[in-house]
Amino acid sequence: MSSGKILKYSGSFLVYFLIQVFILKDLVLFGYAFCFLYVFFILSLPHEMPTIPLMLIGFFMGLLIDLFYDSLGMHAASGVLVGFIRNSWIKVNTPTGGYDDNVPPTLLNMGIGWFSFYSLPLLLLHHLLFFYIDSLGTEVYLPLVIRVVSSTAFTFILGSIVQAIFYRKERVL
Amino acid sequence: MQQIVLFLYRLRALILFLVLEMLAVGIVFTHNSPQGAVFFNSSNKLTGNLLAVKTNFMSYFSLYTVNQSLAEKNASLLNRLDQLTPVRDSVEFTLDSVLANSFEFWSARVINNSIHLSQNYLTLNKGIIHGIKEGMGVFNEQGVIGRVKGTSTHFSSVISVLHTDLLISSKIKDTEVIGSTKWDGLKSDEAKLLYVPRHVEVVPGQEIVTSGYNAVFPEGISIGKVKEVRPGVDGNYLDITLTLSADYSRLNYVYLVENYLREELDSLEIENSAPGL
């Protein structure tokens, strides 16, 4: 990765992190739908990136966010899971003709169909692990399901909007 | 040998994944007490006993410092006796005057709050250097907020009432029937009143206040109002739903309370409940 790209992704890491802990933390729709937008940072990293740095990024991003959510370890665990599974999931979803080099897996580069199929299961998994750890010690499961489903939808919608507005199309056709 | 190293190298992502997950889950279990209770259940008794033996043994070595601090405490108590009324923070509120002398109050500002998770915490802007200690009660003019869980130099973290592990000793104001308030993790403005026997008559609208029995809170701080009464699942206790009186989504300034006599009360109760003594 070139130094310019490293700088770009570091900046985007910071922006995702700050928005998550200072704005989205207080934004919970109907008391159930959380928005964990930072997962999209991990999802839109270049597909050439190996699994190990991905997991480390997921871990540290999660840990930093945990400090502000007072949920130490929960975001970290979920972030590592996403980082671990992402590359295999990308491989499963390889479009005909394969991936182009230097084209990150974002909404505009890959199209809404591919992007939904790519991001929704990973978001669901992330949210499921997060809210499952959160619900340990309680005996209610319906709120858990509602939280997971509504948060996945909310995160996906907001994430897609962010992708459509703030990301550039880099695919050369 | 080389084969094994190669094999492990090929699995490096999986190994790192497991290590990081274990690390994260380890942090979760040590940081959050309800999950910790699930995880560390079996080891509790062993470590507790070991620590008790160690403390018994070590206490002889600290007699000198204990004596010294007792003398210091004596001096400061004599000073307080001189003043007759204890110095308080700027917080003003009415309390039963009999209890007022064993409690001291602080004020603090909420700087972090969550209400939508199953285990919610607050962060306050006062810490050790302001005199905040673990276990202090937190409330505001509306009602009970929570209990201090940990302190740093300048901040403290508080277990909110909206935490499924926090029990608050409470009573029904008119009838003096005692119970425990516990959040069920469902709505941020409702909680349950547990351990009220079935023969007790409870009607919606009755006020629930702190009982003063667990010595964290003074008696009579508002918790909520009875919303709904149903026969309980197990048949021995009523299933009482409360509307909490504090609005947890809008917390700003809170008061902290410390009971000087809490340790004494706790140790007396433990002594009395220990069998064979």
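In the nomenclature of an unreviewed UniProt entry, chain A corresponds to Rod shape-determining protein MreD from the organism Cyclobacterium xiamenense. Of chain A, the UniProt comment under Sequence similarities (unreviewed entry) reads exactly: "Belongs to the MreD family."

Draft legend 1. Focus on the overall build of chain B. Along chain B, the regular secondary structure elements total seven helices and twelve strands. Counting over 277 residues, chain B shows a buried share of 28%.

Draft legend 2. Representation of the overall build of chain A within the structure. Broken down by element type, chain A carries seven helices and zero strands. Secondary structure elements in chain A, listed N-terminal to C-terminal, are α-α-α-α-α-α-α. By residue count, 37% of the 173 residues in chain A fall in the buried class.

Draft legend 3. Highlighting unusual backbone geometry. Residue and element names in this part refer to chain B. A positive phi angle is found at Glu176, which is not glycine, with a value near 65 degrees. Assessed through the 8 C-beta atoms surrounding it within 10 Å, Glu176 is described here as exposed. In this structure, Tyr195 is a non-glycine residue whose phi angle is positive, near 65 degrees. Mapped onto the elements of the fold, Tyr195 is located in the loop between strand S8 (190-194) and strand S9 (207-210).

Draft legend 4. Representation of the interface of chain B and chain A within the structure. Taken together, the contacts link 28 residues of chain B with 25 residues of chain A. Here the side of chain B that touches chain A gets eleven residues from one element, more than from any other, and that element is helix H2 (residues 12-31) of chain B.

Draft legend 5. Structural detail: the sheet that holds S8 of chain B. Residue and element names in this part refer to chain B. Here we have six strands rolled up into a closed barrel, ordered S6-S7-S8-S11-S10-S9, and antiparallel in their pairing. Going across the sheet, the axis of each strand differs from the next one's by a mean of 40 degrees, ignoring polarity. Judged from the three bridges that link them, S9 and strand S10 (residues 222-231) form a sheet pairing that is antiparallel. The residue bridging Glu207 from the neighbouring strand is Lys225, located in S10.

Draft legend 6. Expanded view of the packing of helix H1 (residues 3-22) of chain A against helix H3 (residues 51-69) of chain A. Residue and element names in this part refer to chain A. Remark: H1 packs on H3, axes separated minimally by 10 Å, with the N-to-C direction vectors making an angle of 25 degrees. Classified by the angle their axes make, H1 and H3 are roughly parallel. Of the two elements, H1 crosses H3, and the hand of that crossing is right-handed. Of the residues in H3, those in contact with Phe13, Phe17, Gln20 and Val21 of H1 are Met61, Leu64, Ile65 and Phe68. Across the contact of H1 with H3, the residue classes break down as seven nonpolar, one polar and no charged.

Draft legend 7. Molecular detail of the nonpolar core. Grouped together as the largest cluster of nonpolar side chains are 41 residues, with contacts concentrated most on Val138, Val144, Ile145, Val161, Leu242, Val254 and Leu256 of chain B. Every residue in contact with Val144 of chain B, bar those within four places of it in the chain, is listed here: Phe139, Val161, Ile168, Thr210, Phe217, Ile221, Ile223 and Ala246 of chain B. Listed in part, the 40 residues of the second largest apolar core include Tyr16, Cys35, Phe40 and Leu63 of chain A.

Draft legend 8. Spotlight on the confidence of the model for chain A. With 97% of its residues at a pLDDT of at least 70, chain A reaches an overall mean of 84. Ranking the elements of chain A by mean pLDDT puts helix H5 (residues 107-110) of chain A last with 81 and helix H2 (residues 39-43) of chain A first with 90.

Draft legend 9. Structural view of the pairing of strand S2 (residues 119-124) of chain B. All names here are of chain B. Burial runs high along S2: five of the six residues are buried. Taking the residues that link successive antiparallel strands as the turn, the strand S1 (residues 103-113)-S2 hairpin has five residues. Note: S2 against strand S5 (residues 156-163), five bridges, orientation antiparallel. Looking at the pairing, Leu122 lines up with Val158 of S5.

Draft legend 10. Representation of the UniProt feature "transmembrane region" (unreviewed entry) in chain A in the model. Residue and element names in this part refer to chain A. Per the UniProt entry, the sites bearing "transmembrane region" (unreviewed entry) are residues 12-45, 51-69, 112-133 and 145-167 in this numbering. Between the end C-alpha atoms of residues 12-45 there is a gap of 10 Å, over a span that is 47% helix and 0% strand. Between the end C-alpha atoms of residues 112-133 there is a gap of 31 Å, over a span that is 100% helix and 0% strand.

Draft legend 11. The arrangement of the confidence of the model for chain B in detail. All names here are of chain B. Averaged over all residues, the pLDDT of chain B equals 75, while 73% of them reach at least 70. No element of chain B has a lower mean pLDDT than helix H3 (residues 33-39), at 43, and none a higher one than S9, at 90. Quick note on the complex model: pTM equals 0.64, ipTM equals 0.72.

Draft legend 12. Geometry of the environment of Ala215 of chain B. All names here are of chain B. Tracing the backbone through its elements, the reader meets Ala215 in the loop between S9 and S10. The class for Ala215 is buried, based on 22 C-beta atoms found within 10 Å. Setting aside anything within four residues of it in sequence, one finds Ala215 in contact with Asn259, Leu261, Arg262 and Leu265.

Draft legend 13. Highlighting the sheet that holds S2 of chain B. Residue and element names in this part refer to chain B. Overall, antiparallel pairing links the six strands, which are arranged S1-S2-S5-S4-S3-S12 in a closed barrel. Averaged over neighbouring strand pairs, the angle between their axes works out to 45 degrees when direction is ignored. Two strands pair when backbone bridges link them, and strand S3 (residues 137-139) and strand S4 (residues 144-151) are joined in this way by three bridges, in the antiparallel orientation. Note on S4: the bridge partner recorded for Val138 is Gly146.

Draft legend 14. Main features of the pairing of S1 of chain B. Residues and elements named next belong to chain B. Direction of pairing for S1 relative to strand S12 (residues 253-259): antiparallel, over a ladder of seven bridges. Its bridge partner being in S12, Trp106 is matched across the sheet by Leu256. Where S1 meets S2, three bridges bridge the pair, whose relative direction is antiparallel. Each residue of the ladder has a partner; that of Asn113, found in S2, is Leu122.

Draft legend 15. The arrangement of the environment of Val226 of chain B in detail. Residues and elements named next belong to chain B. Here Val226 is to be found in strand S10. Measuring from C-alpha to C-alpha, the distance between Val226 and Lys192 comes to 9.2 Å, with 34 residues separating the pair along the chain. Once you skip the residues sitting within four places of it in the chain, Val226 turns out to touch Val202, Val203, Pro204, Gly205, Gln206, Ile208, Ile240 and Leu242.

Basis of the calculations
Residues numbered from 1 in each chain as written. Chains lettered and ligands numbered in written order. Predicted model: local features only at pLDDT ≥ 70, side-chain atom pairs only at ≥ 80, totals over all residues. UniProt positions renumbered as here; feature names shortened; annotations may be inferred. Helix = DSSP H or I, 4+ residues; strand = E, 2+ residues; numbered from the N terminus. Buried ≥ 20, exposed ≤ 12 C-beta atoms within 10 Å, placed from the backbone. Contact = placed C-beta atoms within 7 Å. Pairing = 2+ DSSP bridges. Axes fitted to C-alpha atoms, helices over the stretch in contact; angles between N-to-C directions. Parallel < 35°, antiparallel > 145°, perpendicular 65-115°, else oblique. Left-handed = near helix turned anticlockwise from the far one by under 90°. Nonpolar A, V, L, I, M, F, W, Y, C, P; charged D, E, K, R; others polar. Core = buried A, V, L, I, M, F, W, Y, C linked by C-beta atoms within 7 Å. pLDDT = per-residue confidence, 0-100.

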